[in-house]
Amino acid sequence: MTDSNAPIGRRRVLIAGSAAAAAVGLGAAVATPGRAEAEADPQAAAAAVCTLTKELTEGPYYLEHALVRSDVSESKPGIPLQLALTVVDNATCAPLNKALVEIWYCDALGEYSGFVGNNGHQEPDNGKFLRGGVLTGTDGIAKLTGIYPGWYRGRCVHIHLKVHTDVTLTSDGSFTGGNEIHTGQLFFSETVTQAVAKLSPYSTNTVPRTTLDADGIYDGGGAASGLLTLTALGSSPSAGHKGTLTVGVDPDA
């Protein structure tokens, strides 16, 4: 089953570019125009580069009330991935505190927990792997760790994302209630994905991989569409990557 291309809802969100990421302290992997201005007046520079974009489809594999945890890997094999996602108010680009940033995505063989077998591979399914979320701090940053995503038929490599506010954390390590203010997706550089796809266990994924440019949902908008800034964690692809992005939302959506 593949994601629908239709956008959901009518809410609009903002995803700031790499200069905004630098403005909130993430630091871009490469120099970007306006960096000097960002260092001189971070909030003003961030606001200047903010661009509005539509939300992206939730897809068919969402499970409600994921675990609240920073490490979503559940010991799944794959290349290490660190995420640092900064949530900001779309009106001011100020960091949003205590927003629950939730992610879910497929493993190296393209299988989602709770739906194993849909991509043609059989493996244990605990209904939990590569699902979870954390609250942002006063700096607006949510830090999560997992593995680099695999792929399934008809879609490029991606991670699904939701942002919630005013949630209640439960004793079983999950959350309830709150307001869902953003649904989107995170995307990965094709150059990095090509290198990762050659490594085990990704190389055993028997489903043809859709490239970023051929994907029916990613619109080529770079950071404005959820394209992560990726920084290598070591000298080889197997060492993993850190992905950063500033996601701006309307807290009142």
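Owing to the predicted nature of the structure, the values given are computational and were not obtained by experimental measurement.

Mind showing me how you'd approach the sheet that holds strand β7 (residues 158-165) here?
Strands in a sheet are paired, the pairing made by backbone hydrogen bonds, and the direction either parallel or antiparallel. Read across the open sheet, the 4 strands follow the order β5-β4-β7-β10; overall the sheet is antiparallel. The open sheet has two edge strands, β5 (131-135) and β10 (179-187), and neither has a second partner. Direction aside, the axes of adjacent strands within the sheet are offset by 20° on average. Bridge count for strand β4 (residues 100-104) against β5 is 5 bridges, and the pairing is antiparallel. Residue pairing in the sheet places Glu102 in a bridge with Gly133 of β5.

Explain unusual backbone geometry to me, please; I cannot follow it from the model alone.
Excluding glycine, most residues fall at negative phi; most peptide bonds, likewise, are trans. Following Ser200, the chain continues into Pro201 via a peptide bond in cis, with omega recorded as 5°. Positive phi outside glycine occurs at Ser75, with the angle close to 65°. We classify Ser75 as exposed; its relative accessible area is 72%. Even without a glycine there, the phi angle at Cys93 is positive, about 65°.

Reading the values: rules and limits
Residues numbered from 1 in each chain as written. Predicted model: local features only at pLDDT ≥ 70, side-chain atom pairs only at ≥ 80, totals over all residues. Heavy atoms only, no water. Pairing = 2+ DSSP bridges. Helix = DSSP H or I, 4+ residues; strand = E, 2+ residues; numbered from the N terminus. Axes fitted to C-alpha atoms, helices over the stretch in contact; angles between N-to-C directions. Buried < 20%, exposed > 50% of the residue type's maximum accessible area, 1.4 Å probe, protein only.

Treat this as a map of the structure, not an account of what it does.
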